[in-house]
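Chain residues, written in single-letter form:
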Amino acid sequence: MAEIVIVPSPADAGILVADEIVKLIASRPDAVLGLATGSTPLPVYEALRPRLAGVDVSQVRGFALDEYVGIDPQHPESYRSVITKEVVEPLGLDPARIHTPNGALETISHAGEDYEQAIAAAGGVDLQILGIGTSGHIGFNEPGSSFASRTRVKTLIQQTREDNARFFDSIDEVPMHCITQGLGTILSARHLFLLAFGESKAHAVAGAVEGPVSSSLPGSAIQLHPHVTVVVDEAAASQLQNADYYRYAYANKPDWQGL
Ligand code: GLP
C-alpha cells in the first residue's frame, strides 16, 4: 500500500517532498520530474527554491500532467504559463526541457501520442507530484477514466470547471476540454507523491487510499502502484479510517528505508 505521511501543515509537506527532489537531482542531474499545477504543489515549489539555489539544475527535465485544450499558451491560466511562472522561472530550470501537453487545436488529434513519445524518449518520469481534485481526479482524469489510459483529450466535469473558475474571470471562460496524462501514464512514473490539504479533499483522499480501486474515483489508481507516498495535513486526513496506524508506522519507520 501507499505510505501515508500526515504532516502538521502544507509547508511541512512541501519541505518533505522538496528534500526528496533535491536528493534525486543530486543523484541524477538530468532527473525527470512530473509536475503538477493547482494550489496543492505550491509549497513544494516554494520549498525547492532555497534548496536548489546554487544547485546545477540545467539538465533537469520535466513533464506537466495536463493542459487545457484550445487555450492560448500565452494565456496566464494556461498550464504552460502556470508551470513557467511557478516552477521554471523561480527554480531556474531550462524551459526547453520542461514540457506540457500541447493543447493547440490544429495538432490535438495526435498531441497525446506525441506527449507519450516525448516521455518515453526521456526514459520515463522519476518522481511524479500529484494533487487530487474534489471529484477524486488526478491530472484531469475525471471519474470513469480507464486505468490503462494514456495522454488524451478529456471533457471536464462541471465540478472541476467550477473549482477552477477562481483562476478565470468567470466559469464560462474555463475550457470544456483538456489534454491530460492518462492514469496508465501516471502509473508508469517510478515514484508518486500525492499531496492534499484541507477538509475539502478529505473525502477524495479517503477514497483514493482506502476505498475500492475504482475508475469512479481515479485517485484510487495509486493503490496499483508499488511506490507511492501520500502526504496530507490533518484536515485532509480526517476521513482516513486507519490514520492512527499510518502515524504509528511513520513514527517507527527505520531510518534506512527512506521515503
Ligand atoms: C486541477 C489539476 C489537477 C489538480 C487539481 C486540484 O484540476 N488539473 O492536477 O490536482 O486541479 O487542484 P488544487 O491543488 O488547486 O486543489
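Scroll up for the structure.
Calculation rules
- Each residue is numbered by its place in its chain's sequence as written, counting from 1.
- In view of the model being predicted, local features appear only for residues whose pLDDT reaches at least 70, and side-chain atom pairs are presented and counted only at 80 or more, with totals across whole chains, interfaces and linings using the full set of residues.
- Hydrogen atoms and water are omitted, and side-chain values are computed over all heavy atoms in the structure.
- Note on definitions. A residue lies near a molecule or strand when any single heavy atom of the residue is within 4 Å of it.
- Counting of polar contacts relies on pairs of N or O atoms within 3.5 Å, with two restrictions inside protein: one atom must be capable of donating a hydrogen and the other of accepting it, and residues adjacent in sequence are counted only when both atoms are side-chain atoms.
- Surface accessibility in these figures is a Shrake-Rupley result with a 1.4 Å probe; residues are shielded only by whichever protein chains are displayed.
- Asp, Glu, Lys and Arg are counted as charged, while Ala, Val, Leu, Ile, Met, Phe, Trp, Tyr, Cys and Pro are counted as nonpolar; the rest, among them Gly, fall into the polar class.
- Nonpolar core, defined: a set of buried Ala, Val, Leu, Ile, Met, Phe, Trp, Tyr and Cys residues in which side-chain atoms within 4.5 Å join the residues together.
- Per-residue accessibility, obtained with a 1.4 Å probe over protein chains only, is compared with the maximum for each type, and a residue is labelled buried under 20%, exposed over 50%, and partly exposed between these values.
- Under the DSSP-based scheme used, a helix requires at least four consecutive residues in state H or I and a strand at least two consecutive residues in state E, with every element numbered from the N terminus.
- Here, two residues are considered to be in contact whenever any of their heavy atoms come within 4.5 Å of each other.

**Student:** Before we move on, can you summarise the site of the ligand with the specific residues and values?
**Tutor:** In the region of the ligand, 13 residues are neighbours, and Ser39, Thr40, Asp66, His137 and Lys201 sit closest. Between the ligand and Gly139, the relevant distance is 3.3 Å, taken from a nitrogen atom to a main-chain nitrogen or oxygen of the residue. Between Lys201 and the ligand, the recorded distance is 2.5 Å, taken from a side-chain N or O atom to an oxygen atom. Coverage of the ligand by the protein chains reaches 93% of its 390 Å² of free accessible surface. When its residues are assigned to classes, the shell around the ligand shows three nonpolar, seven polar and three charged.

**Student:** So what's going on with the nonpolar core? Which residues, and what values?
**Tutor:** Core analysis: the biggest nonpolar cluster contains 68 residues, and Ile4, Ile21, Leu195, Val230, Val232 and Leu240 have the highest contact counts within it. Among the elements that make up this core, the one with the highest residue count is helix α1 (residues 10–27) (seven residues). Setting aside anything within four residues of it in sequence, one finds Ile21 in contact with Leu33, Val44, Leu48, Leu127 and Ile129. Tyr68, Tyr79, Val82 and Phe140 belong to the second-largest nonpolar core, a separate cluster that totals ten residues.

Just geometry here; none of it tells us what the structure is for.
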